[in-house]
Amino acid sequence: EGNERYRRMDEWAASCEPGADGLHFLPYLAGERTPHMDPTARALFFGLTLRHGRGELVRSVMEGVAFAALDAFHVLQEVGANAERITIAGGGARSAVWRQIVADIFALPVAPLLRSEQSALGAALLAGHGAGLLDAAGASVQWATYGPITPPRPAFAERYQTGFATFQEL
């Protein structure tokens, strides 16, 4: 019921080690646009065996989505972007497990935004800017409130480098 299902999935994912015991998930449920311009790409679990349970399945999904985000992030790095932290919002930002996976995979601290309705806030900022009532960039910095920073764990960040290489190969 409600958010209970997400709490339970977090518990399952937290019960297994980073790397989900060799299980990989490609999150291309609706094709892929960035960085692979392939609308026919499809999702898959790779390496699934009888020893994998709910924890590995959920964790591999979380890791696969984070790997896909890292894949897209590398495009930004190739053109000179240099991030000091990752900011996340929405339902995933409420999950300590998710935040830690993202921090470890990106090898960067993760700052969760506390407001859950970021899309509505962004629309309000743009409307205010368009109406000449505020500067959207300045207001967004003022309105952003963050939760506790999740630092990356170097040992797991190194382990995820190998997992990311497998993800890219797949």
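Read on for an overview of the structure. None of the values given here were measured: they were computed from a predicted structure.

## Regarding helix 6 (residues 154–169)
Residues three or four positions apart in an α-helix share a direction because the helix packs 3.6 residues into each turn.
Here comes step 1: Between the first and last C-alpha of helix 6 there are 23 Å, a value that for 16 residues agrees with the 22 Å anticipated at 1.5 Å per step.
Here comes step 2: Buried within helix 6 we find Phe156, Ala157, Tyr160, Gly163, Phe164 and Phe167.
Here comes step 3: Along its buried surface, helix 6 packs onto strand 1 (24–26), helix 2 (54–78) and helix 3 (96–106).

## Side note on the side chain of Arg99
Here comes step 1: With respect to the secondary-structure elements, Arg99 resides in helix 3.
Here comes step 2: This buried residue, Arg99, is left without a salt bridge; Asp10 holds the nearest opposite charge, at 7.5 Å.
Here comes step 3: Setting aside residues no more than four positions away along its own chain, Arg99 makes contact with Ile88, Gly92, Ala93, Arg94, Val110, Pro112 and Thr150.

## Quick word on the layout of surface pockets
Here comes step 1: Roughly 360 Å³ of internal volume is contained in the largest pocket.
Here comes step 2: Lining the largest pocket are 13 residues, with Tyr6, Met9, Asp10, Met62 and Ser95 sitting closest to its centre.
Here comes step 3: For the lining of the largest pocket, the elements supplying multiple residues, two or more each, are helix 1 (4–14) and helix 2.
Here comes step 4: Per-element tally for the lining of the largest pocket: the top contributor is helix 1, with four residues.
Here comes step 5: For the lining of the largest pocket, the per-class residue count stands at six nonpolar, four polar and three charged.

## Observations regarding empty space enclosed by the protein
Here comes step 1: What the rule picks out here adds up to one cavity of 30 Å³ or more.
Here comes step 2: Quantified by volume, the largest cavity comes out at close to 40 Å³.
Here comes step 3: Around the largest cavity, the lining residues are Leu23, His24, Phe25, Ser60, Glu63, Gly64, Phe67 and Phe167.
Here comes step 4: At the level of elements, strand 1 and helix 2 are the ones that each hand at least two residues to the lining of the largest cavity.
Here comes step 5: For the lining of the largest cavity, the leading source of residues is helix 2, giving four residues.
Here comes step 6: The class makeup of the residues in the lining of the largest cavity is four nonpolar, three polar and one charged.

## Notes on a nonpolar patch on the surface
Here comes step 1: A contiguous nonpolar patch, built from Leu44, Phe46 and Leu170 and spanning about 240 Å² of accessible area, is present on the exposed surface.
Here comes step 2: Looking at the element boundaries, Leu44 is found in strand 2 (residues 44–46).
Here comes step 3: Residue Leu44 is classed as partly exposed on the basis of its relative accessible area, which comes to 33%.

## What to know about the packing of helix 2 against helix 3
Here comes step 1: Closest axis-to-axis distance for the helix 2/helix 3 pair is 10 Å, and the angle between their directions is 40°. With respect to helix 3, the element helix 2 is oriented oblique. Handedness of the helix 2/helix 3 crossing: right-handed. Contacts between helix 2 and helix 3 pair Arg59, Met62, Glu63, Val65, Ala66, Phe67, Ala69, Leu70 and Phe73 from the former with Val97, Trp98, Ile101, Val102, Ile105 and Phe106 from the latter.
Here comes step 2: When the residues that make up the contact of helix 2 with helix 3 are grouped by side-chain class, the tally is 13 nonpolar, no polar and two charged.

Criteria and thresholds
Residues numbered from 1 in each chain as written. Predicted model: local features only at pLDDT ≥ 70, side-chain atom pairs only at ≥ 80, totals over all residues. Heavy atoms only, no water. Helix = DSSP H or I, 4+ residues; strand = E, 2+ residues; numbered from the N terminus. Expected span 1.5 Å × (residues − 1). Buried < 20%, exposed > 50% of the residue type's maximum accessible area, 1.4 Å probe, protein only. Contact = heavy atoms within 4.5 Å. Lys, Arg positive; Asp, Glu negative; His and termini not counted. Salt bridge = Lys/Arg side-chain N within 4 Å of Asp/Glu carboxyl O. 1 Å grid on protein atoms, 1.4 Å probe; cavity = no way out; pocket = protein on both sides within 12 Å on 5 of 7 lines; lining within 4 Å. Points joined across faces, edges and corners; volume = space filled by probe spheres on them. Nonpolar A, V, L, I, M, F, W, Y, C, P; charged D, E, K, R; others polar. Patch = residues over 30% accessible without salt bridge, like charges linked within 9 Å, V, L, I, M, F, W, Y side chains within 5 Å. Areas by Shrake-Rupley, 256 points an atom, 1.4 Å probe, with all protein chains shown as cover. Axes fitted to C-alpha atoms, helices over the stretch in contact; angles between N-to-C directions. Parallel < 35°, antiparallel > 145°, perpendicular 65-115°, else oblique. Left-handed = near helix turned anticlockwise from the far one by under 90°.

By themselves, these observations are geometric and do not establish any function.
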